[in-house]
Each structure stands twice: as C-alpha cells, then as structure tokens.
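# Coordinate analysis (summary)
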Amino acid sequence: MTSVDVRAVMALIPHRFPMLLVDRVEDIVPDKSARGIKAVTINEPFFAGHFPGRPIMPGVLIVEALAQTAGVLAIRSMNLENSNKLVYFMAIEEAKFRAPVEPGCLMDLHVEFIQRRATVCKFAGRAVVNGKTVAEAKFTAMIADAPA
C-alpha cells in the first residue's frame, strides 16, 4: 500500500487531536520517501492565539507535521507496525520558514530519508502550499520502545 488514510496514520503513530498534524500519507516509497497531506483549518486550536486577527500556523508545528509524516515512513519502511515502537524527535537542523501557512491551505509534506541506521534515522522535509515551499528542515529521529 502506497498511501494511508487518517485511521491508518493513527494506527502507525500515537498522535491524536490536537497534536495529530497529518491527515493522510501518500506516495510512500519504503526506505526512500513519502508525501503527507495536512488540511489546515480555522478550527485548529493554535489559531486562537497565533495570532488573533491574523491566524498563522506556528513554524514549529509545520516541522512537527513533517516529522509525523517521516514517522509513518519510518514505521512502514522498517516493518514496525504493531511492534510497540515509537519514533522520537532527536534534533532539528537547518529549519527555514519561507511563507506563512494560513487557514484554508492544503499543505503537502514531502519527506525523504537522508540516512538510516538500526535505531536512528535522518530526514529532509519540505512543506509546500500551492506549489511554493513554505518551510523546510532536516531532522533526526530515534526508534525506541514505547513507555510501559
């Protein structure tokens, strides 16, 4: 399967509302890349305070959406479904924010493996709205057991 809907995303990663920031993941190429989709709506809880009168998605949450997409890619690539393993953020590098993401945007989240080891993976991610890159970052994650 090269795409997963929101129910399958929730079966692969533990995030739930309000922290689930990817609606589906498509074009999954194990050990290589994936594309997440996030429909940004005015109902997102962070818009109440960021910013009143000029709602803009916080950059850190755009990076989190990229990381969640990468988490789905990692779990699928490493055949870790139903394994009690989680993907934990370790580092963010070279983050750049190029344009605001506002309610009504459909954000494409492009992630690819840069490096993969047994328990540590490095990714490159790029968030795109209407064909324009709005954010990009490199980030590292660790695969570990879920807390008991």
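Residues numbered from 1 in each chain as written. Predicted model: local features only at pLDDT ≥ 70, side-chain atom pairs only at ≥ 80, totals over all residues. Heavy atoms only, no water.

## Comments concerning the overall build of the protein
- Counting its regular elements, the protein contains two helices and six strands.
- When the elements of the protein are put in sequence order from the N terminus, they spell out α-β-β-α-β-β-β-β.
- Computed over the C-alpha atoms, the radius of gyration of the protein is 15 Å, within 12% of the 15 Å expected from 2.2 N^0.38 for a compact globule of 148 residues.
- Reported as C-alpha extents along the three principal axes, the dimensions of the protein are approximately 45 × 30 × 25 Å.
- Expressed as a percentage of its 148 residues, the buried residues of the protein come to 45%.
- Across the protein, contacts joining residues at least 24 apart in sequence account for 62% of those joining residues at least 6 apart.
- As displayed, the protein has an accessible area near 7,700 Å², and 55% of this comes from carbon and sulfur atoms. (Helix = DSSP H or I, 4+ residues; strand = E, 2+ residues; numbered from the N terminus. Rg over C-alpha atoms; globule rule 2.2 N^0.38 Å. Buried < 20%, exposed > 50% of the residue type's maximum accessible area, 1.4 Å probe, protein only. Contact = heavy atoms within 4.5 Å. Areas by Shrake-Rupley, 256 points an atom, 1.4 Å probe, with all protein chains shown as cover.)

## Structural notes on the pairing of strand S4 (residues 106-116)
- Note: strand S2 (residues 33-39) against S4, seven bridges, orientation antiparallel. The residue of S4 that forms the bridge with Gly36 is Leu109.
- As judged from the nine bridges shared by S4 and strand S5 (residues 120-129), these two strands associate in the antiparallel manner. Bridge assignment links Asp108 to a residue of S5, and that residue is Val128.
- Hairpin connection, S4 to S5: the antiparallel pair is bridged by three residues. (Pairing = 2+ DSSP bridges.)

## What about the side chain of Thr69?
- Relative to the assigned elements, Thr69 resides in helix H2 (residues 59-77).
- Under the relative-accessibility criterion, Thr69 is labelled buried at 0%.
- One polar contact links the side chain of Thr69 to the main-chain carbonyl oxygen of Ala65, over a distance of 3.0 Å.
- In this view, Thr69 contacts Val22, Val25, Ala34, Arg35, Gly36, Leu109 and Val111; residues no more than four positions away in its chain are not counted. (Polar contact = N/O pair within 3.5 Å; in protein donor to acceptor, adjacent residues only side chain to side chain.)

## Details of the nonpolar core
- Counting 44 residues, the largest nonpolar core has Met57, Val101, Met107 and Phe123 as its most contacted members.
- With eleven residues, the top contributor of residues to this core is H2.
- In contact with Met57, other than residues within four places in its own chain, are Val40, Phe46, Phe47, His50, Ile62, Val101 and Met107. (Core = buried A, V, L, I, M, F, W, Y, C linked by side-chain atoms within 4.5 Å.)

## Considering the sheet that holds S5
- The six strands lie next to each other as S1-S2-S4-S5-S6-S3, forming an open sheet whose pairing is antiparallel. In the strand order of this sheet, the two ends are held by strand S1 (24-29) and strand S3 (85-97), each with one partner. Taking each pair of neighbouring strands and ignoring which way they run, the sheet shows an average axis angle of 25 degrees.
- Note that S5 and strand S6 (residues 132-145) share ten bridges and pair antiparallel. Following the sheet pairing, Lys122 is matched in S6 by Thr140.
- H2 contacts S1, S2, S3, S4, S5 and S6 of the sheet and is inclined by roughly 55 degrees relative to S4. (Axes fitted to C-alpha atoms, helices over the stretch in contact; angles between N-to-C directions.)

## Some remarks on the pattern of salt bridges
- Across all of its chains, the model carries 13 salt bridges by this definition.
- Two residues, Glu102 and Arg54, come together in a salt bridge whose shortest N-O distance is 2.1 Å. In this pair, Glu102 sits in the loop between S3 and S4 while Arg54 sits in the loop between S2 and H2, placing the two residues 48 residues apart along the sequence.
- Classification of Glu102 by relative accessible area gives partly exposed; the value is 31%. (Salt bridge = Lys/Arg side-chain N within 4 Å of Asp/Glu carboxyl O.)

By themselves, these are just geometric observations and shouldn't be taken as functional.
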